[in-house]
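So you can see what is in the structure, the chains are spelled out below.
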Amino acid sequence: GSKDGLMTQVDVEWFFAYPVGQLGLALSLGYHAQSGGAFTRDEDGELQRIKDGEDTTFRLFPNTLSAVYRLTLLDDQFGIPVVPYGRLGLAYYYWQITRPGGDLAETDSGGKARGGSLGWQGAIGVAVRAERIDEAAAASLRNEFGVDHAGFYAELNGAEVDGFGSDSKLSVGDFTWFAGVNFEF
């Protein structure tokens, strides 16, 4: 379909080196679903729409393991709360297609409509540390929950997830953007 959809994602980053910023590993887990009209083939092999309200659903579970670098120098040394960052790593996207009623769809050869594709994923972005907006709230977050920094981020993300060019894997990568809230502990 041509409709845009919302994908939720959780990223966890662990930093182990601090060369003018933060160098570490990132694990990302996500979920996306898109539904549309269900079709079947008639005896002539032509696609026919199953009655209205009968939808099929494509589900995608993107997972990545990446190296990440966050340039915290601007905030750490100069008090400018902007943190540019980048990630690059390995991606594995599991996908499945269900037919009306929720059961897995089947291919023309009788196989189940599910699988996984391996590839790479990279991102560049910028985070804004928001503790300067309300320093009392930032101190409370730090003292009560151990949150060192909280803020907002926006990133551009490119993923080539097609089995590294395999003709037998579903290509599920894309170029997209993310935005959200981040917490540093």
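Residues numbered from 1 in each chain as written. Predicted model: local features only at pLDDT ≥ 70, side-chain atom pairs only at ≥ 80, totals over all residues. Heavy atoms only, no water.

Engineer: Where do I start with the layout of surface pockets in this structure?
Structural biologist: Any space left empty among the atoms is revealed by the rolling of a water-sized probe across them. In this model, the largest pocket occupies a volume close to 1000 Å³. In terms of lining, the largest pocket is formed by 34 residues, of which the most central are Gly-5, Met-7, His-32, Asp-174 and Thr-176. Counting residues per element, the ones that place at least two in the lining of the largest pocket are strand 1 (8-17), strand 2 (22-37), strand 5 (55-70), strand 6 (82-98), strand 8 (149-161) and strand 9 (175-184). Per-element accounting of the lining of the largest pocket gives the leading share, seven residues, to strand 5. (1 Å grid on protein atoms, 1.4 Å probe; cavity = no way out; pocket = protein on both sides within 12 Å on 5 of 7 lines; lining within 4 Å. Points joined across faces, edges and corners; volume = space filled by probe spheres on them. Helix = DSSP H or I, 4+ residues; strand = E, 2+ residues; numbered from the N terminus.)

Engineer: Just to check I follow, could you spell out the side chain of Arg-70 for this structure?
Structural biologist: Along the chain, Arg-70 turns up in strand 5. Leave out the neighbours within four places in its chain, and Arg-70 touches Glu-13, Phe-15, Gly-21, Gln-22, Val-83, Pro-84, Tyr-85, Ala-127, Arg-129, Asn-182 and Glu-184. (Contact = heavy atoms within 4.5 Å.)

Engineer: Is there a simple way to explain the side chain of Thr-72 in this structure?
Structural biologist: The topology assignment puts Thr-72 in the loop between strand 5 and helix 1 (73-78). Setting aside its immediate chain neighbours within four residues, Thr-72 contacts Val-20, Gly-21, Gln-22, Val-83 and Arg-129.

Engineer: I keep staring at a nonpolar patch on the surface and nothing clicks. Help me out?
Structural biologist: A cluster of nonpolar side chains, Val-10, Val-12, Trp-14, Phe-16, Leu-23, Leu-25, Leu-27, Leu-29 and Leu-65, forms an exposed patch at the surface whose accessible area comes to about 860 Å². At the level of secondary structure, the elements contributing two or more residues to the nonpolar patch comprise strand 1 and strand 2. The topology assignment puts Trp-14 in strand 1. (Patch = residues over 30% accessible without salt bridge, like charges linked within 9 Å, V, L, I, M, F, W, Y side chains within 5 Å. Areas by Shrake-Rupley, 256 points an atom, 1.4 Å probe, with all protein chains shown as cover. Salt bridge = Lys/Arg side-chain N within 4 Å of Asp/Glu carboxyl O.)

Engineer: Is there a simple way to think about empty space enclosed by the protein in this case?
Structural biologist: Within this structure, the stated rule accounts for one cavity of 30 Å³ or more. In this structure, the largest cavity spans a volume of roughly 30 Å³. Forming the boundary of the largest cavity are Ser-28, Thr-64, Ser-66, Arg-87, Gln-121, Gly-122, Ala-123 and Asn-157. Listing elements by their share of the lining of the largest cavity, those giving two or more residues are strand 5 and strand 7 (114-129). Sorting elements by how many residues they give to the lining of the largest cavity places strand 7 first, with three residues. Its residues assigned to classes, the lining of the largest cavity comprises one nonpolar, six polar and one charged. (Nonpolar A, V, L, I, M, F, W, Y, C, P; charged D, E, K, R; others polar.)

Engineer: Would you mind showing me how to read the packing of aromatic side chains here?
Structural biologist: In this description, an aromatic ring pair is defined by two values, namely the gap between the centres and the angle between the planes. A full pass over the atoms with the stated rule returns three aromatic pairs. The interplanar angle of 45° and the centroid separation of 5.3 Å between the aromatic rings of Trp-14 and Phe-16 together place this pair among those described as tilted. Overall, the relative accessible area of 44% leaves Phe-16 in the partly exposed class. Measuring from centroid to centroid gives 5.9 Å for Phe-61 and Tyr-94, while their planes differ by 40°, and the two rings are tilted. You can see Phe-61 sitting in strand 5 and its partner Tyr-94 sitting in strand 6, a full 33 residues away along the chain. Residue classification places Phe-61 among the partly exposed residues on the basis of a relative accessible area of 27%. Overall, Tyr-94 belongs to the partly exposed group, its relative accessible area being 26%. Taken together, the ring pairs connect Tyr-31, Phe-61 and Tyr-94 into an aromatic cluster. (Phe/Tyr/Trp six-rings, centres within 6.5 Å; stacked < 30°, edge-to-face > 60°. Buried < 20%, exposed > 50% of the residue type's maximum accessible area, 1.4 Å probe, protein only.)

Engineer: What is the right way to look at helix 2 (residues 135-145) in this model?
Structural biologist: Because an α-helix packs 3.6 residues into every turn, residues spaced three or four apart end up facing the same way. Where helix 2 starts, the residue carrying a side-chain oxygen 3.2 Å from the main-chain nitrogen of Ala-136 turns out to be Asp-134. A positive phi of about 75° marks Gly-146, the residue just after helix 2. (Polar contact = N/O pair within 3.5 Å; in protein donor to acceptor, adjacent residues only side chain to side chain.)

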